[in-house]
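What follows is the residue order along each chain.
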2 protein chains.
Amino acid sequence: MALSAEQVDAILRQARAAKVASRALAVLGPDRRNEALRAIMDALWADRAAILAANTEDVASARAAGEAASRVDRLILNERRMEQMMESLRQVMELPDPVGHVDAAWTRPGGLRIERVRVPFGVIAIIYESRPNVTVDAAALALKTGNAVVLRGGKEALRSNAALVAAMQAGLARAGMPEKAVQLVTATDRDSVDVVIRAKGLVDLAIPRGGAGLIARVVERALVPVIETGVGNCHVYVDRAADLDMAEAIVINAKVQRPSVCNAAETLLVHQAVAEAFLPRVARALAERGVEIRACPRTLAVLGAAGGRMERVVPAAEADWDTEYLDLILAVRVVDSLDEAIAHIERHGTRHSEAIVTDDPAAAEAFLARVDAAAVYHNASTRFTDGFEFGFGAEMGISTQKLHARGPMGLPELTTYKYVVRGTGQVRG
Amino acid sequence: MALSAEQVDAILRQARAAKVASRALAVLGPDRRNEALRAIMDALWADRAAILAANTEDVASARAAGEAASRVDRLILNERRMEQMMESLRQVMELPDPVGHVDAAWTRPGGLRIERVRVPFGVIAIIYESRPNVTVDAAALALKTGNAVVLRGGKEALRSNAALVAAMQAGLARAGMPEKAVQLVTATDRDSVDVVIRAKGLVDLAIPRGGAGLIARVVERALVPVIETGVGNCHVYVDRAADLDMAEAIVINAKVQRPSVCNAAETLLVHQAVAEAFLPRVARALAERGVEIRACPRTLAVLGAAGGRMERVVPAAEADWDTEYLDLILAVRVVDSLDEAIAHIERHGTRHSEAIVTDDPAAAEAFLARVDAAAVYHNASTRFTDGFEFGFGAEMGISTQKLHARGPMGLPELTTYKYVVRGTGQVRG
């Protein structure tokens, strides 16, 4: 490890402090937890000058280091983004509190009364990249659900994150709340991530949020349970029985509306029966929006025969079917059947969001039943896989694994349960 | 790796075959899945002579290798145990089927209809030690929930497991079911476990069942999601307001009724206000049942002053508070308060099962709320943490982690969910 023993100890001390704070949080009532949110909201707003000053330094460093404009943009905080942050905190306060909810309760023949009760995890670690708003969002969702949080953000945002966390801790302290419930790991060496995700007994859950490399590294090295998030190689399949106007609108929306996010479509599959009718028109619509097409041979043949302009159409390589472009690029493939579409998704998909466009109810139901993904869509855009679009009012990320949470994670997904068993002296016979 | 490339390939081929079979299983209806259980039940019974012959060889090898009698006993199959296996399969068939259950359904303002539907994981890997009945139990619970299963049992039971799996596969094939849904990894090198638990994309969930060493190794090396099971350092806390007759009965039951299992108690905590009244009588009752006491200094003092015989009482070392004896040994400690009891459990417990004995409702509720464990008990034995005792009718293990499942895992815990979204052309604005 490149970290010194002192640095490792410091991180473990933070995790331990978070654990202690989590015990206090867990037994606060929902009103008190909302007071904690109110306290961090007030403190962030009161300290916004210091926060924006720290952020200005981060942004200047990123620009000086030649970071891409899109990365610099994600790093920027300003008065308007601070206002959005406040609005987001207000929304979280208004959400129903899952903690203490009794999922189920029953009495056994011997008289034992068993309740399955929602409880916080304890300490949730969030490993993320450069967006400082994640610092506040993650802390708010954790506090709302009675969890402490250990934050390990990207080093480009370190000064911003430190200012945000200092404000939140001060706010919690002023309100008489366990301020150590929000911890920021300031060591920026990559090994500091390992200390966090291997702190069994202190960290109850780790959620990596970021690119595929970050997530793979966390999964590889973690000893604490992990929820994988975010990698989305999503498909839209246009069936032989599709309404082609609807199909075009869905493909354009899924690809173009916000190409940089995980629920954007990366591959279009078209049934051969509608390839000639659909491909030229969708190619035109995509070209108008600056989308490059990576086409299978049959797609190339159809588009060539249709005589359209093909500047933005190139042959697909095998790797294209597995690529999450996060950009204005779409792989396009003609398939012979619904089965072939499902097999393609099975082979190349990342189990995130998959859509079929069809007016054939049997085809729709087969697709919805057989495709293995967090969210499967009939006649709608993949872009709806999102905690807000689903109506959860919040989102800690989109899980692409099957354990615990799948798809958008709202507040209930940030809790676990325990069995509370009340007896009158029962022993086992 | 000590495995040859061919061996690794063979295991991955098995996992892939299981994945393909899981797709077929997932779309069978509940009646058809029960037919699969009926098919393996009939085949196991028909092939029992071959199974028992294979088991006789395993048992002879284990005896020749000088295995402990308790380990040999766990390995043994006989006609009676085969009958129990059949009865257990019948019970699983009768359980309600969680697959396809709609947990929640709602319509968004834009008209999207969202359903959260229970679906199988796909392929579940079970890593276990020497009990061949686990082979059949795990396969049955997996098939019932639409999952394929990759079994990696202990090498002592290899011949038994091979015979059991051959029978089950033959039964599935005769019934026209995907027989590759049940796979046994026959390489007994420890590295073969690694191949299974690192097969991302093929194995959806790994459940280690066995000793602490096995579980730690799986957690350390797995890339697929894991549910940790079974390690239980469980406590009974006898409060100042306890009914001492009830307390004695619960302590004896929790320690003695079956000491080798994870929900047996390993440490007794006694409030100082009742130490003089309770410790001598419980020590006597424990001694009568052959239980050795590892006592804290205050416990030693109380027992010494009470003038009882102390052959089976020895001073506790610090390590005793962290030891899962799985034997007729009990650590005993006097605490000053409920808070000290909770702090002790927080520090030394494994979040499995924890009990308070008290007639004080406030103490009981504080303990139930503040102790972080899969199951918390008021006035009942820790021995009830069990899928059958909870009324689940089945159990795949007892989870000691917080992600996905906590405590006894029944059929619903062997499923995940997906969001099925039906639209009429919705796109995101």
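Remember, it's a predicted structure, so these values are computed and weren't measured experimentally.

(A) Spotlight on the overall build of chain A. The secondary structure content of chain A amounts to 14 helices and 16 strands. A compact globule built from 429 residues would reach a C-alpha radius of gyration of about 22 Å, and chain A, at 24 Å, matches this within 12%. Seen along its three principal axes, the alpha-carbon backbone of chain A occupies a region of about 75 × 70 × 40 Å. Taking contacts inside chain A between residues at least 6 apart in sequence as the whole, the part at least 24 apart equals 72%. For chain A, the centre of its 51 positive side-chain charges and the centre of its 54 negative side-chain charges are spaced 6 Å apart.

(B) Up close: the state of the cysteines. Residues and elements named next belong to chain B. Enumeration over the complete set of coordinates arrives at zero disulfides over all chains. Here cysteine 262 stays unpaired: no disulfide links it, and the sulfur of cysteine 234, its closest cysteine neighbor, is 6.9 Å away. Considering cysteine sulfurs only, cysteine 234 is the nearest to cysteine 296, which forms no disulfide, with 20 Å between them.

(C) Highlighting the packing of aromatic side chains. The tally for this structure, following the rule as stated, stands at 14 aromatic pairs over all chains. Ring geometry for A:Tyr237 and A:Phe367: centres 6.4 Å apart, planes at 15 degrees, overall stacked. Pair noted here: A:Tyr237 is in strand S7 (residues 234–238) and A:Phe367 is in helix H14 (residues 361–370), with a separation of 130 residues, a long-range link. Of the two residues, A:Tyr237 and A:Phe367, neither departs from the other in class, the shared state being buried. Where A:Phe392 meets B:Tyr419, the ring centres are 6.3 Å apart and the plane angle is 50 degrees; that geometry is what we call tilted. You can see A:Phe392 sitting in the loop between strand S13 (375–380) and strand S14 (398–399) and its partner B:Tyr419 sitting in strand S16 (residues 415–426), one on each of two chains. Taking relative accessible area as the criterion, B:Tyr419 reaches 1% and is therefore assigned buried. An aromatic cluster of at least three residues, connected via ring pairs, comprises A:Trp106, A:Tyr417, A:Tyr419, B:Phe390 and B:Phe392. The side chain of B:Arg48 reaches across the aromatic face of B:Trp45, ending 4.0 Å from its centre. Across the ring face of B:Tyr417, the terminal group of B:Arg116 is positioned such that the distance to the ring centre comes to 3.7 Å.

(D) Just the relation of the copies chain A and chain B, in detail. Rotating chain A by 180 degrees about the axis while translating it 0.0 Å along that axis superimposes it on chain B, leaving an RMSD of 0.0 Å. In symmetry terms, the pair is related by a two-fold rotation axis. In terms of C-alpha distance to the rotation axis, chain A has A:His404 as its closest residue, with the C-alpha 1.8 Å off the axis. The fraction of interface residues of chain A whose copies in chain B are also interface residues reaches 100%, indicating that both copies meet through the same surface.

(E) Structural detail: the packing of helix H13 (residues 338–348) of chain B against helix H14 (residues 361–370) of chain B. All names here are of chain B. Contact geometry of H13 with H14 gives a least axis separation of 11 Å together with a crossing angle of 20 degrees. The orientation of H13 relative to H14 falls into the category roughly parallel. Note that H13 runs across H14; the crossing there is right-handed. For the pair H13 and H14, contact is made by Leu338, Asp339, Ile342 and Ile345 and by Ala363, Ala366, Phe367 and Arg370, respectively.

(F) Highlighting the environment of A:Pro297. Residues and elements named next belong to chain A. With respect to the helices and strands, the residue proline 297 is situated in helix H12 (residues 297–306). With a relative accessible area of 66%, proline 297 lands in the exposed category. Counting along the chain gives 36 residues from proline 297 to arginine 333, while the straight-line C-alpha distance between them is 8.1 Å.

(G) The pattern of salt bridges, seen in detail. Residues and elements named next belong to chain B. Tallied over the full model, the rule gives 72 salt bridges over all chains. Across the pair arginine 217 and aspartate 191 runs a salt bridge whose closest N-O atoms are separated by 3.9 Å. One end of the pair, arginine 217, is in helix H9 (residues 212–221); the other, aspartate 191, is in helix H8 (residues 191–197), with 26 residues separating them in the sequence. For aspartate 191, a relative accessible area of 16% gives the class buried.

(H) Inspection of empty space enclosed by the protein at higher detail. The final tally for this structure, using the stated rule, is three cavities of 30 Å³ or more. Taken as a whole, the largest cavity spans an internal volume of roughly 250 Å³. In terms of lining, the largest cavity is formed by 18 residues, of which the most central are A:Val224, A:Val226, B:Val224, B:Pro225 and B:Val226. Grouping the constituent residues of the lining of the largest cavity by class yields 14 nonpolar, two polar and two charged.

(I) Seen up close, the interface of chain A and chain B. Taken together, the contact between chain A and chain B spans 75 residues of the former and 75 residues of the latter. Buried area between chain A and chain B, summed over both chains or domains, comes out near 6200 Å², and the portion from carbon and sulfur atoms is 49%. At the boundary of chain A and chain B, one finds 57 residue pairs in polar contact (both at pLDDT 80 or more). Those elements that provide at least two residues to the side of chain A that touches chain B are helix H1 (5–26), strand S2 (113–120), helix H9 (212–221), helix H10 (244–256), H14, S13 and strand S16 (415–426) of chain A. By residue number, the principal contributor to the side of chain A that touches chain B is S16(A), which donates 11 residues.

(J) Representation of the environment of B:Leu112 in the model. Among the structural elements, B:Leu112 can be located in the loop between strand S1 (102–107) and strand S2 (113–120). With residues near it in sequence (within four places) discarded, B:Leu112 still touches A:Ala380, A:Phe384, B:Trp106, B:Thr107, B:Val421, B:Arg422, B:Gly423 and B:Gln426.

(K) Representation of the domain arrangement of chain A within the structure. Each assigned domain of chain A is listed here: domain 1 (5–227 + 409–422) and domain 2 (234–387). Its C-alpha centre places domain 1 of chain A at a distance of 36 Å from the equivalent point of domain 2 of chain A.

Thresholds, definitions, all that
Residues numbered from 1 in each chain as written. Chains lettered and ligands numbered in written order. Predicted model: local features only at pLDDT ≥ 70, side-chain atom pairs only at ≥ 80, totals over all residues. Heavy atoms only, no water. Helix = DSSP H or I, 4+ residues; strand = E, 2+ residues; numbered from the N terminus. Rg over C-alpha atoms; globule rule 2.2 N^0.38 Å. Contact = heavy atoms within 4.5 Å. Lys, Arg positive; Asp, Glu negative; His and termini not counted. Charge placed at Lys NZ, Arg CZ, Asp CG, Glu CD. Disulfide = S-S within 2.5 Å. Phe/Tyr/Trp six-rings, centres within 6.5 Å; stacked < 30°, edge-to-face > 60°. Buried < 20%, exposed > 50% of the residue type's maximum accessible area, 1.4 Å probe, protein only. Lys NZ or Arg CZ within 6 Å of the ring centre and 35° of its normal. Least-squares fit on C-alpha atoms with pLDDT ≥ 70 in both. Axes fitted to C-alpha atoms, helices over the stretch in contact; angles between N-to-C directions. Parallel < 35°, antiparallel > 145°, perpendicular 65-115°, else oblique. Left-handed = near helix turned anticlockwise from the far one by under 90°. Salt bridge = Lys/Arg side-chain N within 4 Å of Asp/Glu carboxyl O. 1 Å grid on protein atoms, 1.4 Å probe; cavity = no way out; pocket = protein on both sides within 12 Å on 5 of 7 lines; lining within 4 Å. Points joined across faces, edges and corners; volume = space filled by probe spheres on them. Nonpolar A, V, L, I, M, F, W, Y, C, P; charged D, E, K, R; others polar. Buried area = accessible area lost by both parts, 1.4 Å probe. Polar contact = N/O pair within 3.5 Å; in protein donor to acceptor, adjacent residues only side chain to side chain. Domains from an automatic or database assignment.

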